[in-house]
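# Observations on chain architecture
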Amino acid sequence: MSLLKPILLVEDDFVDASTAKQALQDLRVRNPVIHKTDGEEALEYLRDQNNDKPAMILLDLNMPRISGIELLQIMKTDAELQHIPVVALTVSKYEQDKLDTFDLGVAGYVIKAVDYDAFLRAMDIIIQYWACNGLVEKGRETNNARL
Amino acid sequence: MRDCRPILLLEDDTVDAMTVKRALKDLNVLNQLVRVTNGEEALVYLKDDSKEKPCVILLDLNMPKMNGIEFLKVAKADEKLKRIPAIVLTTSKDDQDRLKTFQLSIAGFVVKPVDYVKFVEAMRIVNLYWTLSELPNSEQESTNEKLQANTAGGR
């Protein structure tokens, strides 16, 4: 049994989700990772009282059914969910998406690198920051030459 | 930081403010550091259109006149200010402070290490993260503001 709260990954693209999970594993993140494929599934998970509320959410923006921005809108009006930090992880470089997510209180907006090494470096910074916030834990030092 | 707008620091303690300034200098962070000593002064600065809006806000919680939580309540309800990421920098390990400030959509809660070397390391990570992350342009209208402007124009 782990006492660490999970990281919730909300991503509709199967390849992108696998890449993100691989990076979290390579970075030896000790929090369990829960993957949901769109905003609606994520909301179901978040509202189920049997589930641990996540330590943080990594959120894609362009998704079917409920998009990332719509999920943020819903979360920020829900007293049970509004405290969970959300980091947008997206390919969208639109200024409007940045403004709208920051207006909705996003706690970071990271544009996904296509190259895995660059993506891993970005994820490492994200994980170090949220570890510094006391929400995420990394395992022992890796000898990962890639970093 | 990702861009060269100033960093706004809310810190009533002069020694703590100097430590932040020194750490940013040691990390070669070039952004100007604007320091105010409480939430009220911060709002005066943020509402003055002759002053450049900061790229991020670093704030202490325990301050006289208007404390960090009171400041966040006002700033996060203001259409023009709410998008600026606010990071709590505090010695408070109080879980209630953490919950209340995260409910107000802060973008980080960093417990200040007492040791200077560790503090610089924490600030290094904060700076790396806010160099990686995109930052919102404070002048542009959000979709919400555009909608409101359109509705007002139609009347």
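Presented here is an overview of the structure given in this document. This one's a predicted model, so the numbers in the text were calculated from it and none came from an experiment.

## Thoughts on the packing of helix α5 (residues 116-132) of chain A against helix α5 (residues 116-132) of chain B
Each pair of packed helices can be described by the angle between their axes along with the distance between the axes. At a minimum axis distance of 9 Å, the contact between α5(A) and α5(B) shows a crossing angle of 135°. It follows that α5(A) is oblique to α5(B) by the angle criterion. Our pair here, α5(A) against α5(B), has a crossing hand that is left-handed. Contact residues: A:A122, A:I125, A:I126, A:Q128, A:Y129 and A:C132 in α5(A); B:A122, B:I125, B:V126, B:L128, B:Y129 and B:L132 in α5(B). Of the residues contributing to the contact of α5(A) with α5(B), the split by class is eleven nonpolar, one polar and no charged.

## Overview of the sheet that holds strand β3 (residues 56-59) of chain A
Residues and elements named next belong to chain A. The five strands are arranged β2-β1-β3-β4-β5 in an open sheet whose pairing can be described as parallel. Lying at the two open borders of the sheet, with one neighbouring strand each, are β2 (33-36) and β5 (109-111). Averaged over all pairs of adjacent strands, the angle between strand axes in this sheet comes to 20°, irrespective of strand direction. As defined by bridge partners, strand β1 (residues 7-10) adjoins β2 across four bridges and the pair is classed as parallel. Within the sheet, the bridge partner assigned to L8 lies in β2 and is I34. Across the sheet, helix α1 (residues 14-26) lies against β1, β2 and β3, angled at about 175° from β2, the strand it touches most.

## Digging into unusual backbone geometry
With a phi angle near 60°, A:R65 is a residue other than glycine that sits in the positive phi range. Mapped onto the fold, A:R65 is located in the loop between β3 and α3 (68-76). Residue B:S105 is not a glycine yet carries a positive backbone phi of 60°.

## A short note on the sheet that holds strand β3 (residues 56-59) of chain B
Residue and element names in this part refer to chain B. Sheet architecture is open: five strands sit in the order β2-β1-β3-β4-β5, paired in parallel fashion. Each end of this open sheet is capped by a strand with a single partner; those strands are β2 (33-36) and β5 (109-111). Recorded for the sheet is a direction-independent mean angle of 20° between the axes of neighbouring strands. Of the pairings in the sheet, the one linking β3 to strand β4 (residues 86-90) comprises three bridges and is parallel in character.

## As for helix α2 (residues 39-47) of chain B
All names here are of chain B. Within the sequence span of α2, burial applies to G39, A42 and L46. One side of α2 carries all its buried residues, which in axial view fall inside an arc of 55°. In α2, the exposed residues that point more than 90 degrees away from the buried face are V44 and K47. On the buried face of α2, the contacting elements are β1 (7-10), β2 and α3 (68-75).

## Brief notes about the pairing of β4(B)
All names here are of chain B. Most of β4 is tucked away: five of the five residues are buried. Along β4, one buried face is formed by A86, V88 and T90 and the opposite face, lined by I87 and L89, is buried too. Handedness of the β-α-β unit built from β3, α3 and β4 comes out right-handed. Examined bridge by bridge, β4 and β5 share three bridges and lie parallel to one another. Each residue of the ladder has a partner; that of L89, found in β5, is V110. Viewed along the sheet, the connection from β4 through helix α4 (residues 95-103) into β5 turns out right-handed.

## Remarks on the interface of chain B and chain A
Facing the 25 residues of chain B at the interface are 25 residues of chain A. Looking at which element gives the most residues to the side of chain B that touches chain A, the answer is α5(B), with six residues. Taken together, the residues of the side of chain B that touches chain A sort by class into 13 nonpolar, nine polar and three charged.

## A look at the environment of A:P6
All names here are of chain A. With respect to the helices and strands, the residue P6 is situated in the segment before β1. For the pair P6 and V33, spaced 27 residues apart in the sequence, the C-alpha separation amounts to 5.5 Å. For P6, the residues in contact, after removing those within four places along its chain, are N31, P32, V33, I34, D52, P54 and A55.

Thresholds applied
- Residues numbered from 1 in each chain as written.
- Chains lettered and ligands numbered in written order.
- Predicted model: local features only at pLDDT ≥ 70, side-chain atom pairs only at ≥ 80, totals over all residues.
- Axes fitted to C-alpha atoms, helices over the stretch in contact; angles between N-to-C directions.
- Helix = DSSP H or I, 4+ residues; strand = E, 2+ residues; numbered from the N terminus.
- Parallel < 35°, antiparallel > 145°, perpendicular 65-115°, else oblique.
- Left-handed = near helix turned anticlockwise from the far one by under 90°.
- Contact = placed C-beta atoms within 7 Å.
- Nonpolar A, V, L, I, M, F, W, Y, C, P; charged D, E, K, R; others polar.
- Pairing = 2+ DSSP bridges.
- Buried ≥ 20, exposed ≤ 12 C-beta atoms within 10 Å, placed from the backbone.
- Arc of directions from axis to C-beta.
- Right-handed = clockwise from strand over helix to strand, strands pointing away.

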